[in-house]
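# Working through the structure, step by step
Here is what each chain is made of, one letter per residue.
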Amino acid sequence: MAETAHRAHPTPAVYWGIAAFLAAVTAIEIAIPSIAALDSVKVPLLWFLAAIKFGTVVSFFMHLRYDKKLYRTLFLLGVIGIIPLMTVMLLSLGAF
Amino acid sequence: MSSQAASAETHDPHDVRPIRKAAMWVFLGSESMFFGTMIATFLLYRNNTGDGPGSEIFNIPFTSASSFVLLMSSLTMVLAHNAFEKRDARSTRIWLLATALLGITFLAGQIFEFTEFVHEGLKVSTSSFGSAFFFLTGFHGAHVAIGVTLLLAMFYLSLDGRLHERQGLNVELVGLYWHFVDIVWIVIFTVVYLLQV
């Protein structure tokens, strides 16, 4: 049954590589607010980089990429559920 | 017949591990929504500083260093889990302890940061901004503290060989919780700190 199939987890060398990638993205994130030329794109850029880091940790360190689809669905239900929840909350409290 | 036997072996009806793991993912999903509402609250009140200080008192280099520490603790956690799967007790122990120490370092940094902010006039009661900031980051800190406690418990069990094969799922679940604490901070660091400067 495909549902129970697991792909092999990465090796420690891959984990170190992923950590180096995450460290590099974090360094870029920290540099962005101090670059005046990026002021107009700062907000979407920082959100984008945060999403990349979030996805990388969830996929590789939490093994969601290698695990059952059920787990992915259960987690994503919560994560995607934040969008309507935040929207309703911010709208009802007059944020916009 | 043989395929039926194999099927029974791989789908043991008494094996509750997949259910426990699914429950953990449901828990993490619900925690995401919980933190989502707190982040929304912060966004709502980020400019309501009243007479108190606002985001100008943030020390971005310091918080960046703390964030890096927490990010690297995810690496040590996944290495601990990897070593456990390879039945390498010594490496498991080392990486579990390293993860706990990195978590403690992060918490020490947060306590220092909170103390500095209080000295500069930002308290929970100062303004809506102060309340939202301390509740969000403080609640995350509480999650880190729970994670550190779980990691130290695992480390303690490993010292006298009580962290055996049957506890593989426990190590994995503690790992999932720890990585979750890390991904929540990835969002908090961006929304609360980087986007406010």
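The notes below deal with the structure included here.

Cut-offs used in this document
Residues numbered from 1 in each chain as written. Chains lettered and ligands numbered in written order. Predicted model: local features only at pLDDT ≥ 70, side-chain atom pairs only at ≥ 80, totals over all residues. Helix = DSSP H or I, 4+ residues; strand = E, 2+ residues; numbered from the N terminus. Buried ≥ 20, exposed ≤ 12 C-beta atoms within 10 Å, placed from the backbone. Contact = placed C-beta atoms within 7 Å. Axes fitted to C-alpha atoms, helices over the stretch in contact; angles between N-to-C directions. Parallel < 35°, antiparallel > 145°, perpendicular 65-115°, else oblique. Left-handed = near helix turned anticlockwise from the far one by under 90°. Nonpolar A, V, L, I, M, F, W, Y, C, P; charged D, E, K, R; others polar.

Right, let's talk about the overall build of chain B for a bit. When helices and strands are tallied, chain B shows 6 helices and 0 strands. Mapped in sequence order, the helices and strands of chain B form the string α-α-α-α-α-α. In terms of principal-axis extent, the alpha carbons of chain B reach across some 75 × 35 × 20 Å. Looking at chain B as a whole, 38% of its 197 residues qualify as buried. Within chain B, residue pairs in contact and separated by at least 24 positions form 85% of the contacts whose partners lie at least 6 positions apart.

Take the packing of helix α5 (residues 128–159) of chain B against helix α6 (residues 168–193) of chain B next. All names here are of chain B. Contact geometry for α5 and α6: axes closest at 10 Å, N-to-C directions at 155°. By the angle class used here, α5 and α6 are roughly antiparallel. Both α5 and α6 take part in a crossing whose hand is left-handed. Touching Phe133, Leu136, Thr137, His140, His143, Val144, Gly147, Leu150, Leu151 and Met154 of α5 are Val171, Val174, Tyr177, Trp178, Val181, Val184, Trp185, Ile188 and Val192, all from α6. Per-class residue counts for the contact of α5 with α6 are 15 nonpolar, 4 polar and no charged.

The next point concerns the environment of B:Phe106. Residues and elements named next belong to chain B. Residue placement: phenylalanine 106 occurs in helix α4 (residues 89–119). Taking the C-alpha atoms as reference, phenylalanine 106 lies 24 Å from serine 30; in sequence the two are 76 residues apart. If near-sequence neighbours (up to four positions away) are discounted, phenylalanine 106 is found in contact with Ser66, Val69, Leu70 and Val144.

This part covers the interface of chain B and chain A. Across the contact, 35 residues belong to chain B and 35 residues belong to chain A. Every element with two or more residues in the side of chain B that touches chain A is listed here: α2 (17–45), α3 (60–85) and α6 of chain B. The greatest single-element share of the side of chain B that touches chain A, amounting to 14 residues, is contributed by α2(B). For the side of chain B that touches chain A, a count of residues per class yields 21 nonpolar, 12 polar and 2 charged.

Before going further, it helps to spend a moment on unusual backbone geometry. You will see that A:His63, though not glycine, has its phi angle at about 65°, which is positive. Relative to the elements of secondary structure, A:His63 occurs in the loop between α2 (42–61) and α3 (69–92). Phi is positive for B:Arg87, close to 60°, though the residue is something other than glycine. Inspection of the secondary structure puts B:Arg87 in the loop between α3 and α4.

This paragraph deals with the packing of α3(A) against α2(B). Closest axis-to-axis distance for the α3(A)/α2(B) pair is 8 Å, and the angle between their directions is 20°. In terms of orientation, α3(A) and α2(B) fall into the roughly parallel class. In this structure, α3(A) crosses over α2(B), and the sense of that crossing is right-handed. Residue composition of the contact of α3(A) with α2(B), grouped by class: 19 nonpolar, 7 polar and 1 charged.

None of this, on its own, says anything about what the molecule does.
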